[in-house]
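Geometric and topological summary
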Amino acid sequence: MECFRASPSIPKLSFFSNSRNSTPHRFIPSCRERNRDDPLSSSSPYSILGVEPNCSSLELKAAFRAKVKQYHPDVNRGGSSSDVMIRRIIQAYEMLTNSSRAEIIEGECLDPFDHPECEALDVFVNEVLCFGKRCSYPCFKTASHVFSCDSTGTARALSQGHGEDYRVQSAVNQCPRSCIHYVTPSQRIILEELLDSVLDKPYDCSAEAELLYALIVKAQFENNRYRKPKKKQPESSSRHVDWL
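Residues numbered from 1 in each chain as written. Predicted model: local features only at pLDDT ≥ 70, side-chain atom pairs only at ≥ 80, totals over all residues. Heavy atoms only, no water.

In this fold, Arg88 is placed in helix α3 (residues 82-96). We classify Arg88 as partly exposed; its relative accessible area is 24%. The spatial distance from the C-alpha of Arg88 to the C-alpha of Ile48 is 7.4 Å, given a sequence separation of 40 residues. (Helix = DSSP H or I, 4+ residues; strand = E, 2+ residues; numbered from the N terminus. Buried < 20%, exposed > 50% of the residue type's maximum accessible area, 1.4 Å probe, protein only.)

What follows is the structure, given as structure tokens:
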């Protein structure tokens with residue numbers, strides 16, 4: 001996959017893109033265990049996607065897209081389960097197809113990176129690069145209400161929506177590895193899912209790691225271009241009104 005750079009000539013990722021060109025940028029993930037429970041352990045992938053076991057591939061893809069839209073953070077604003085459900089949906093689709101997680105994200109989940117749905121105020125920590133407890137300016141001390149250093153030894157954002165907090169801004173600016181990024185809620189969910197896939201295979205610097213890097217750069221570029229929708233001004237009338 002071609003690496004994205006923040007410049008006017010940046011290549012555009014299509015929402016249904018399937019391009020896979022090689023890139024010289026590679027990660028060297030840290031070797032550690034992930035202590036997360038499998039969200040599919042108590043649920044059938046068919047029930048998560050709402051399809052029958054004998055459904056066709058087209059029906060499966062349509063159900064996947066419908067579920068992603070249903071739990072999109074911009075649509076499901078009143079719900080607090082968007083993160084968990086979208087992760088489950090991606091993992092369920094991965095189990096029922098021959099596609100890898102990177103292929104699913106690259107082929108079906110790139111719209112938030114092409115068209116950010118809102119201002120980037122969430123934070124994403126690229127744990128592949130994070131020094132964790134060995135960091136000279138640890139974010140989990142500068143902004144302990146947002147970041148935490150868990151048992152894996154690296155930092156992770158536990159609370160979102162604090163992008164305008166000066167302590168969070170200080171943590172981002174002071175990070176010596178530049179591993180903290182401002183993203184939108186939709187971008188964060190996809191990046192976190194892809195990050196887990198990378199960290200599950202610490203010795204495999206494969207397409208997942210390359211895609212993670214490319215999407216982070218893409219998010220930075222597009223989020224910097226994002227402009228808040230202008231508020232509609234009340235219409236003024238030029239008609240003369242005699243109040244006397």
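Within helix α7 (residues 166-174) the residues assigned to the buried category are Val168, Ala171 and Val172. Down the axis of α7, the buried side of the element spans an arc of 95°, and every buried residue falls inside it. Facing away from the buried side of α7, by more than 90 degrees, are the exposed residues Tyr166 and Asn173. Residues of α7 that are buried in the fold lie against β1 (122-125), α6 (139-142), β2 (147-149) and β4 (180-183). At the N-terminal end of α7, a side-chain oxygen is found 2.8 Å from the backbone nitrogen of Arg167, two or three residues along, and the residue is Asp165. (Arc of directions from axis to C-beta. Contact = heavy atoms within 4.5 Å. Polar contact = N/O pair within 3.5 Å; in protein donor to acceptor, adjacent residues only side chain to side chain.)

The next point concerns the side chain of Asn223. Note on placement: Asn223 falls in helix α9 (residues 207-225). Classification of Asn223 by relative accessible area gives buried; the value is 13%. Once residues lying within four places of it in the same chain are set aside, the contact partners of Asn223 are Pro116, Ala120, Tyr182, Val183, Thr184 and Gln187.

In this section: helix α2 (residues 57-70). Taking 1.5 Å of rise per residue, 14 residues should cover 20 Å, and α2 covers 20 Å from first to last C-alpha, within 8% of that figure. Those residues of α2 not exposed but buried are Leu60, Ala63, Phe64 and Val68. Relative to the axis of α2, the buried residues are bounded by an arc of 130° and lie together on one face. α2 presents Leu58 and Lys69 as exposed residues on the side facing more than 90 degrees away from its buried surface. Buried-residue contacts for α2 involve α1 (45-49), α3 and α4 (101-108). (Expected span 1.5 Å × (residues − 1).)

Geometric descriptors of this kind do not, in isolation, establish any biological role.
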